[in-house]
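Structural overview for review
Now for the letters of each chain:
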Amino acid sequence: MANIYVFGHKNPDNDSICSAAAYTWYLNQDTQEGECYVSTRLGAVPPETAWLFEQFGATEELPAPLPEFGADDPAPAVILVDHNEYSQSADGIEDMDIREVVDHHRIGGIVTAQPISFVNLPYGSTATVIAEHFMESEIPMPTWVAGILLGALLTDTVILKSPTTTEVDREICEVLSEALELDPIEFGMTLFKQRSAATPFQAAAVLTNDLKEYKSNGKVIGIVQYENVDLDDVNEHRENIFASMKQIATSRGYDVFAFMATDIMREGTELFVVGETAFAETAFEVDFSTGSCWMPGVLSRKKQVAAAFMGV
Ligand SMILES: [Mn+2]
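Basis of the calculations
Residues numbered from 1 in each chain as written. Predicted model: local features only at pLDDT ≥ 70, side-chain atom pairs only at ≥ 80, totals over all residues. Helix = DSSP H or I, 4+ residues; strand = E, 2+ residues; numbered from the N terminus. Buried ≥ 20, exposed ≤ 12 C-beta atoms within 10 Å, placed from the backbone. Contact = placed C-beta atoms within 7 Å. Pairing = 2+ DSSP bridges. Domains from an automatic or database assignment. Nonpolar A, V, L, I, M, F, W, Y, C, P; charged D, E, K, R; others polar. Axes fitted to C-alpha atoms, helices over the stretch in contact; angles between N-to-C directions. Arc of directions from axis to C-beta. Parallel < 35°, antiparallel > 145°, perpendicular 65-115°, else oblique.

The number of helices and strands found in the protein chain is eleven helices and eleven strands. The C-alpha extent of the protein chain, read off along each of the three principal axes, is 70 × 45 × 30 Å. Split into buried and exposed, the 312 residues of the protein chain put 39% on the buried side. Of the contacts made within the protein chain by residues no fewer than 6 positions apart, 66% connect residues no fewer than 24 positions apart.

This is the structure:
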């Protein structure tokens with residue numbers, strides 16, 4: 001029996017794994033003689049994904065790592081979901097037999113020998129594209145498939161808050177959550193919390209990951225952003241955060257160091273500032289005497305925080 005391997009991108013996120021599993025199940029409902037679709041992955045299972053499959057009693061459906069193929073093996077047949085670029089795909093993808101693509105990203109230049117089905121739609125998640133496949137077909141969706149598709153839609157669209165969210169994502173979200181009798185917002189937040197539960201909050205790591213430097217009016221300003229669905233872990237580690245911020249500001253020579261703790265659900269940012277707080281007070285016209293200030297509606301580092309500093 002010939003295997004056709006279905007997988008998402010390297011360093012898979014929740015959408016990549018869930019889309020591979022759900023689409024594999026769909027394809028196996030109507031296979032050609034002698035074909036078997038196998039869901040696989042190109043990296044570790046994220047904690048929220050493991051939780052999601054367990055939640056719907058589908059742990060056995062979790063994709064397995066893509067097998068290694070020897071140089072003498074025939075080129076494996078593959079289906080790409082949630083990506084369509086060589087650089088994000090399996091090692092040796094250039095020599096594999098790509099049969100199909102289901103995605104929601106920019107087109108990134110793959111080449112095939114034969115015509116293939118290539119479905120790429122500008123939706124918020126690949127899960128949305130796959131849910132639409134089901135709805136257009138006569139194939140009923142098992143509960144676990146509905147569960148993982150809803151989960152993937154919610155993580156990829158950051159609970160429908162991401163600017164990539166479309167009307168179709170909202171409709172599919174409604175249909176799936178009604179079928180599952182779940183509140184999508186509550187379910188999405190529980191899902192996001194699995195991620196933070198599995199990785200303990202480490203101030204030094206959070207404060208240096210994706211830290212950017214700006215210059216304004218002779219001052220060097222460091223700005224770092226951390227996004228979550230609630231700020232419990234930030235509030236718990238306040239003391240630690242200030243101590244780490246002071247250390248980082250000194251070692252990197254920042255006049256001002258700003259830490260944006262962004263709450264996606266409340267749509268705002270707790271802005272922490274160390275160094276020349278007077279400079280930040282001029283920039284934002286708020287009081288930083290406690291070290292931080294809640295700024296409703298502030299979500300963008302570049303457009304809102306860096307821009308305000310540049311305006312001083
Ligand atoms: Mn995706």
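Turning our attention to the pairing of strand β4 (residues 77–81). For a regular strand, side-chain orientation follows a simple rule: the groups alternate between the two sheet faces. In terms of burial, β4 is a largely internal element, four of the five residues being buried. In this structure, strand β1 (residues 2–7) lies alongside β4, joined through four bridges in parallel fashion. Of the residues in β4, the one forming a bridge with Tyr-5 is Val-78. The pairing of β4 with strand β5 (residues 97–103) spans five bridges and is classified as parallel. Counted as the bridge partner of Val-81 is Val-102 from β5.

The next point concerns the domain arrangement of the protein chain. When the domains of the protein chain are assigned, the result is domain 1 (2–197) and domain 2 (203–310). Between domain 1 and domain 2, the C-alpha centre-to-centre distance is 36 Å. With seven residues of domain 1 at the contact, the number on the domain 2 side is five residues. Taken together, the residues of the side of domain 1 that touches domain 2 sort by class into four nonpolar, one polar and two charged.

For the rest of this paragraph, the subject is the sheet that holds strand β2 (residues 35–41). Spatial strand order, β3-β2-β1-β4-β5-β6: six strands in an open sheet with parallel pairing. With partners counted over all chains shown, the strands left at the sheet margins are β3 (64–65) and β6 (117–120), one partner each. Helix α1 (residues 14–28) rests against β1, β2, β4 and β5 of the sheet, and its axis sits at about 170° to β2.

Among the residues of helix α10 (residues 277–284), those classed as buried are Ala-280, Ala-283 and Phe-284. Buried positions in α10, seen along its axis, are confined to an arc of 80° and lie on one side of it. Residue Glu-285 follows α10 closely and has a positive phi angle near 55°.

Moving on, we get to the sheet that holds strand β9 (residues 256–263). Taken in spatial order, the five strands of this open sheet run β7-β8-β9-β10-β11, and their pairing is mixed. The sheet terminates laterally at β7 (212–216) and β11 (292–296), the two strands that pair on one side only. The average undirected angle you get between the axes of adjacent strands in this sheet is 25°. Contacts between helix α9 (residues 238–252) and the sheet are confined to β8 (219–228), β9 and β10 (268–275), with β10 contributing the most and set at about 55° to the helix.

Here the focus is the packing of helix α4 (residues 143–156) against helix α6 (residues 184–198). The geometry of α4 relative to α6 is characterised by a closest axis approach of 10 Å and an angle of 75° between their N-to-C directions. Here α4 lies roughly perpendicular to α6, going by the angle between them. Residues Leu-150, Gly-151, Leu-154 and Thr-155 of α4 pack against Pro-184, Phe-187, Gly-188 and Leu-191 of α6. The residue inventory of the contact of α4 with α6, partitioned by class, reads five nonpolar, three polar and no charged.

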